[in-house]
Amino acid sequence: PISNREYRGGLPAVRLNRVLDFIRQNYAEQTRLWELADLAGMSPHYFCELFKKSTGISPYQYALQCRVDRAKEFLRSSEFTVGQVAAATGFADQSHFTKVFHRMVGVTPRQFRT
């Protein structure tokens, strides 16, 4: 058993990195909280608490940030339409993608592209 001391500052590095890698690799999927908690070997509530201590944001916000970061990469290429980028990064539709992107980046996907 791992002592609670190890958790004081958040998740142990090995568990945190396992979860962060999983989120980054599966950015387009709707990852469930219980899946991430299971990966870290703890209850969803405790996992959320420690994840936020470790990263400063919730698992959901982290996953959203990964999706937006990936979308920026796609948008840098004129090869994809905004709708295609939205679909490729796991957003329900272009409208939702545009709202989230604008909230997080400060400009719309189209403005980001120019």
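Residues numbered from 1 in each chain as written. Predicted model: local features only at pLDDT ≥ 70, side-chain atom pairs only at ≥ 80, totals over all residues. Heavy atoms only, no water.

Glancing now at the state of the cysteines. Following the criterion strictly, the structure yields 0 disulfides and no others. With no disulfide of its own, cysteine 48 lies closest to cysteine 66 among cysteine sulfurs, the gap being 15 Å. By relative accessible area, cysteine 66 is classed as buried at 12%. (Disulfide = S-S within 2.5 Å. Buried < 20%, exposed > 50% of the residue type's maximum accessible area, 1.4 Å probe, protein only.)

For the rest of this paragraph, the subject is the layout of surface pockets. In this approach the atoms are scanned with a rolling probe the size of a water molecule, which exposes any empty space left behind. Volume-wise, the largest pocket comes out at about 220 Å³. Lining the largest pocket are 13 residues, and of these Thr31, Leu36, Pro59, Tyr60 and Ala63 sit closest to its centre. Elements with a contribution of two residues or more to the lining of the largest pocket: helix H2 (33-40) and helix H4 (59-75). Taken together, the residues of the lining of the largest pocket sort by class into 8 nonpolar, 3 polar and 2 charged. (1 Å grid on protein atoms, 1.4 Å probe; cavity = no way out; pocket = protein on both sides within 12 Å on 5 of 7 lines; lining within 4 Å. Points joined across faces, edges and corners; volume = space filled by probe spheres on them. Helix = DSSP H or I, 4+ residues; strand = E, 2+ residues; numbered from the N terminus. Nonpolar A, V, L, I, M, F, W, Y, C, P; charged D, E, K, R; others polar.)

What follows covers the pattern of salt bridges. Summed over all chains, the structure comprises 2 salt bridges. Glutamate 73 is the partner of arginine 70 in a salt bridge, and the nearest nitrogen-oxygen pair spans 2.6 Å. Placement of the pair is arginine 70 and glutamate 73 together in helix H4, with a separation of 3 residues, close to one helical turn. Overall, arginine 70 belongs to the partly exposed group, its relative accessible area being 26%. (Salt bridge = Lys/Arg side-chain N within 4 Å of Asp/Glu carboxyl O.)

Turning to H2, a few remarks are in order. Every buried residue belonging to H2 is among Leu36, Ala37 and Ala40, and all of these are buried. Viewed end-on, H2 has its buried residues packed into an arc of 100°, placing them on one side of the element. Projecting away from the buried face of H2 at angles above 90 degrees are the exposed residues Trp34 and Asp38. Buried residues in H2 make contact with helix H1 (13-25), helix H3 (44-55) and H4. In the stretch just after H2, glycine 41 is the one whose phi turns positive, near 75°. (Arc of directions from axis to C-beta. Contact = heavy atoms within 4.5 Å.)

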